[in-house]
Amino acid sequence: MRLLQYKPDSDGFELVTFRTNDLPSYAILSHTWTAGQEVTYDELRAGIGKGKAGYAKIRFCGERAAHDSLQYFWVDTCCINKSNPAELQEAIASMFYWYRRAVKCYVYLADVIIENTRAQNIWKSKSIIWKSIWNNQIPVPKEPQEPVWKQAFRKSRWFTRGWTLQELLAPASVEFFSREGRQLGDKLSLEEEIHLITGLPRIALQGGHLSQFSVTERFRWVELRKTRYDEDLAYSLLGIFNVDLPLRYGEGKVNAFERLENEIYKLEKCIQDLHLTDPRDDKKRIEKAKGGLLRDAYRWILENPNFQQWRSDQESRLLWINGDTGKGKTMLLCGIINELSKSIAKTALLSYFFCQATNSQIDNATAVLRGLIYMLVKQQPSLASHLRTKYDHTGKAIFEDANAWIALSEILTNILQDPRLDSAYILIDALDECLVDLPELLTFVVNVSSQSPCVKWIVSGRNWPSIARDLDTVTQKVRLCLELNAQSISAAVATFIQFQVNWLTKRNEYGSDVQDAVYQHLLLNANGTFLFVALVCKELADVSEWDAEEVVRAFPPGLDSLYKRMLDQFYNLKHTELCKSILATVLTVLRPITLDELPSLVDMPPRSSRNYKALEEIIRLCGSFLIVQERIISIVHQSAKDYLLKEASDEIFPAGLAEMHYSIMSKSLRTLSPTLQRDMYSLRALGYPIDKVKKPESDPLAKSRYACVFWIDHLSDWFTKSGADPYHGDLQAGGTVEVFIKEKYLYWLEALSLCKSMSEGVVSVEKLEALLKVRADAPELLKLVHDARRFILYHKVAIENNPLQAYASALMFSPTSSLIRKLFRHEEPAWITIRPAIGDEWSACLATGKF
Ligand SMILES: Nc1ncnc2c1ncn2[C@@H]1O[C@H](COP(=O)(O)OP(=O)(O)OP(=O)(O)O)[C@@H](O)[C@H]1O
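Residues numbered from 1 in each chain as written. Predicted model: local features only at pLDDT ≥ 70, side-chain atom pairs only at ≥ 80, totals over all residues.

Colleague: Give me the sheet that holds strand β3 (residues 26-30): which residues, what numbers.
Modeller: Pairing in this open sheet of seven strands is mixed, and the strands run β2-β1-β4-β3-β5-β6-β7 from one edge to the other. Strands with a single pairing partner mark the edges of an open sheet, and in this sheet they are β2 (12-17) and β7 (183-186). Neighbour-to-neighbour, the strand axes of this sheet turn through a mean angle of 30 degrees, independent of strand direction. Alignment of β3 against strand β4 (residues 72-74), held across three bridges, turns out to be parallel. Bridging from a neighbouring strand, I28 pairs with W74 of β4. (Pairing = 2+ DSSP bridges. Helix = DSSP H or I, 4+ residues; strand = E, 2+ residues; numbered from the N terminus. Axes fitted to C-alpha atoms, helices over the stretch in contact; angles between N-to-C directions.)

And the structure:
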């Protein structure tokens, strides 16, 4: 970037070039051009053009910058060599960033004059007085008049131009000046006027991330604006949408906008493909499931010296919060996120991820990186350029294939070193719940946290030696052990107890003696563990006042004793067998299941299956281990799951965990078989795009989504966990798996597409083939699954984007020898009479796995 330096002694300016990551603080000018009056790059270098009106603007900007103690400043007329097309292209692509990076932006309004307006004001008020005297009236005091310059301000040409939109939105500080160089106010003091003149939302004027406004809304902002060259109106939006576009002057406005829209679409598609989970939604869900976040119960962290050191000391880059089960780490991180989002600089990015071992979508290191990158590029889409280089080449597979971890870790490393990133805060909760590739994640955090000085990290997890070993190697870290802050935690737990007891008192109409007894018992037995309090209060929620004191006294201190008591109660339930199979299923599934899915995996009482109220009632019968939130059933806490698997496995899985996987697999296939058929959502058109598909009110897949995505995982887990017959009938010729593939494969692919789970489908079919290789003595079945794998790999993208393409392009563009093609020939569209000439075999490129 080329900047100007004011040289008062020589009464001139010097151009100095800087690299993007070495930029000094600078001011920037925003103005409208006057034909023939602007000083060009060549003129400035030659020291000519001083008589032009534009020269006065440069001088104004330089003087103003010096007044604000800024040595450097930038003016578009003379800091870009416009005769160099490559430089012009780069300047236009960087312009938004340059304005955003400026410490001050001075808007010079040549058509707003104060001197005259002041005279007019005086003259106006004098004439009122004279008129009043002339009419023998005492002048009536008028409402305070607004300065007359405001009328000119509203009509200023500056508000009608295309480029000035980004000049208004990008910088944090925008100051307005009259023609005489007098300051009129800034973007914040004049916010109301600017909002009324431009129609721009106040949040956008206050510096809110532009990505929160829809594409249509952002296009509306320039509808009435004009640029000298038609195409410029589109090019002036590159920064507003954070996309790159080669400039093609002469292409016309329509083409330029078409290309721009195309680029925006590609960017959105890339971000959409990256999306696995939105950590912002996870945070809301977790807070809700845990009963809501209480500020008074986490506020202690703000005064904690270790936290303050991490917050203020540049060299303390990583804060590692560790503590035992139920000490409140997750809620603490939720609170820290809330506090940071209020206090960090507007240009700083905040990205976080909550690992959860109970959900296979968010229990692995790749998911962590996807979530973190997703949040970063959502806030600053220009960072998506690091994704695009790889994504444009390979597509969605880059986030999902066997090398996804490598690709994603490179992408995140590049993002965090991007000079356009001012600063970022990254938080990862529950490292101990990252079940897949935790060592890789730890190594990544250790390395990256020491590389990027503008990035601050917080990670949390239980006191595991394996985590400690890695994180201890970070030199620039602060460790915050909750057990070493027992006093703060106890005080916070006491606040939490008070809150919970007040809630119980209100709900169950406790008298003051019961209220006090419950409060005292919790205080004595909580032992600094939030979770203990939360679980006991959950148990007390449905206990009447007269019984509450006795019930609360029966709860022993310590989580394990508490779980034991909950388990004893569980064994005494009226419907123990039903509850046991529900609990066993919830403990085995790979993501929390919905009430709709439950009856497809557990034999439920006949009249309950389609009745949410009945299903919720049955879940409540299972005691306090399970919770239902928004029709999703989950285990109350990871520690409860750990306890049950360790201490009650024999009771809950009498036939063993492996058999439970088998049961889920076979029930899944039983559910899927009658559901899967052609065009389950009645889309009709073969090209119906997936992003337009809406779930029908009575969704035929509602009960079988889980089964559809995970049946092969359970099949595989059954084999890996069981010591049973290695060549089980299900995997042999004529077994359930072969029947399913032969009869339902194509409909299953359509269902996977409708469930937006094609990638999981690819991984599953690969898993199935690997399993058959070792576990089956069925060469024909292996051949069929081998073909099915090639089929899904080859047609994944087509079916993923248009579910019914499973019956059109997928069949027609498969080799004639394809077994799947032969099996489903009857599904090919009859009206296509001329068929593409396709070879006999799958292409070599697919065979080598490069597809
Ligand atoms: N600030 C808070 N506001 C409201 N509830 C809280 C707060 N802190 C903790 N809790 C309660 O305590 C319970 C346990 O907290 P949390 O899940 O955050 O613990 P944890 O240390 O992350 O546990 P683990 O590491 O075992 O997963 C929560 O379910 C919630 O009910």
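From this point, the narrative continues.
Colleague: Summarise the site of the ligand; cite the residues concerned and give the values.
Modeller: Close to the ligand lie 23 residues; L294, T330, M331, F530 and A534 are nearest. Those elements giving two or more residues to the shell around the ligand turn out to be α17 (329-343), α25 (530-540) and α31 (638-647). The biggest single contributor to the shell around the ligand is α17, with four residues. Broken down by class, the residue content of the shell around the ligand amounts to 10 nonpolar, nine polar and four charged. (Near = placed C-beta within 6 Å. Nonpolar A, V, L, I, M, F, W, Y, C, P; charged D, E, K, R; others polar.)

Colleague: Provide a residue-level description of the domain arrangement of the protein chain, including the pertinent values.
Modeller: It is common to give the size of an interface as the accessible area that goes away when the parts come together. Taken domain by domain, the protein chain holds domain 1 (1-110 + 160-207), domain 2 (113-155), domain 3 (209-267), domain 4 (275-485), domain 5 (566-652) and domain 6 (659-847). Placing a centre on the C-alpha atoms of domain 5 and another on those of domain 6 gives a separation of 30 Å. At the junction of the two partners, domain 5 supplies 11 residues and domain 6 supplies 13 residues. Elements with a minimum of two residues in the side of domain 5 that touches domain 6: α28 (576-588) and α29 (598-601). (Domains from an automatic or database assignment. Contact = placed C-beta atoms within 7 Å.)

Colleague: How would you sum up α17? Please name residues and give values.
Modeller: Because the α-helix completes a turn every 3.6 residues, residues three or four places apart line up on one side. Taking 1.5 Å per residue, 15 residues should reach 21 Å; α17 reaches 21 Å between its end C-alpha atoms and fits that length. For α17, every residue scored as buried is listed here: K329, T330, M331, L332, L333, C334, G335, I336 and I337. Next to the buried residues of α17 lie α14 (279-289), α15 (300-303), β8 (318-322), β9 (349-354), β10 (424-429) and β11 (455-461). (Expected span 1.5 Å × (residues − 1). Buried ≥ 20, exposed ≤ 12 C-beta atoms within 10 Å, placed from the backbone.)

Colleague: Residue-level account of the pairing of β9, with values.
Modeller: In terms of burial, β9 is largely enclosed, as five of its six residues are buried. With six bridges joining them, β9 and β10 adopt parallel strand pairing. The residue of β10 that forms the bridge with F354 is D429.

Colleague: Would you mind going over the environment of W464 in detail, with residue names and values included?
Modeller: Assignment of secondary structure puts W464 in the loop between β11 and α22 (465-471). In this structure the C-alpha to C-alpha distance between W464 and D432, which are 32 residues apart in sequence, comes to 7.6 Å.

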